[in-house]
Amino acid sequence: MRRRVRTAVPVAVPVGVGLSVAAALLLTGIATDGSAPGAAGPPPAAGPPPTARFSENGVTVTLSVSGWQAAKGTGTLTAVFAPESAGFHLYSTALPPAGVEGVGRPTTVTVTGTLAADGPLTAAQTERTLRLPGVDAPVPVYPDGPVTTTLPLRASGSGSATVLIGYASCSTRDGCTIPVSDHPVRMRVTSEGPAFVTP
């Protein structure tokens, strides 16, 4: 038997019908690029990092801002100082800028620009004192290991700000590292609050 082959016959669609179909597609939310209705678009761009971290002279410092109240322009800056070797301690925030008889450097966190301190820098760890050979006065230090400090912040408006970090770490057995003075960490303050600027 001979098979009959059917061929497709083009059918003309009136212009008005074609426009109606296009309108229906738009109304039903069918995407013309073939994606399903309601499909998620490209992921949003990543925002500013919530923390900043750097390592210098044997200590890793991690910064973060918490409790920000946009209406008041206030919050808290936390700085965690973590010696990278066991047996090392940091000096007290109350140490004089030049140390005690030249020994040690204070742990410091200050801010400039559109951010200002809204109170004193405080540490979670309790101070202890060391008696060092050749130094008449006791030297206030924190226990060996990480030290967490907090600084209340207040913003004067939007713009740039800088956190300046200072510290020195020492070991009664292994000696001291070179002090770090005013290490800058950049920030940007907006109506939503401060955020760290990636280098």
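Just above, that's the structure.
About the cut-offs
Residues numbered from 1 in each chain as written. Predicted model: local features only at pLDDT ≥ 70, side-chain atom pairs only at ≥ 80, totals over all residues. Heavy atoms only, no water. Helix = DSSP H or I, 4+ residues; strand = E, 2+ residues; numbered from the N terminus. Buried < 20%, exposed > 50% of the residue type's maximum accessible area, 1.4 Å probe, protein only. Contact = heavy atoms within 4.5 Å. Pairing = 2+ DSSP bridges. Axes fitted to C-alpha atoms, helices over the stretch in contact; angles between N-to-C directions.

1. Concerning the environment of F54
Its location among the elements puts F54 in strand β1 (residues 51-56). Taking the relative accessible area as the measure of exposure, F54 reaches 11% and is therefore buried. For the pair F54 and H183, spaced 129 residues apart in sequence, the C-alpha to C-alpha distance is 9.5 Å. The contact partners of F54, leaving out residues within four places of it in the chain, are V59, T60, V61, I165, Y167, H183 and V185.

2. A few points about the sheet that holds strand β15 (residues 193-196)
With antiparallel pairing, 4 strands are arranged side by side in an open sheet as β5-β11-β14-β15. Both edges of this open sheet fall to β5 (108-113) and β15, since each of them pairs with a single strand only. Here the average twist between neighbouring strands, direction ignored, is 30°. Alignment of strand β11 (residues 159-167) against strand β14 (residues 180-190), held across 8 bridges, turns out to be antiparallel. Each bridged residue has a counterpart across the sheet, and for I165 the counterpart in β14 is H183.

3. With respect to the environment of D182
Mapped onto the elements, D182 comes out in strand β14. The sequence separation of D182 and I165 amounts to 17 residues, and the corresponding C-alpha distance is 4.9 Å. If sequence neighbours within four positions are ignored, D182 has contacts with L164, I165 and G166.

4. Regarding unusual backbone geometry
In the Ramachandran plot, N57 falls in the positive-phi region, its phi being about 50° despite a non-glycine side chain. With respect to the element layout, N57 can be found in the loop between β1 and β2 (59-69). Residue D182 is not a glycine yet carries a positive backbone phi of 55°.

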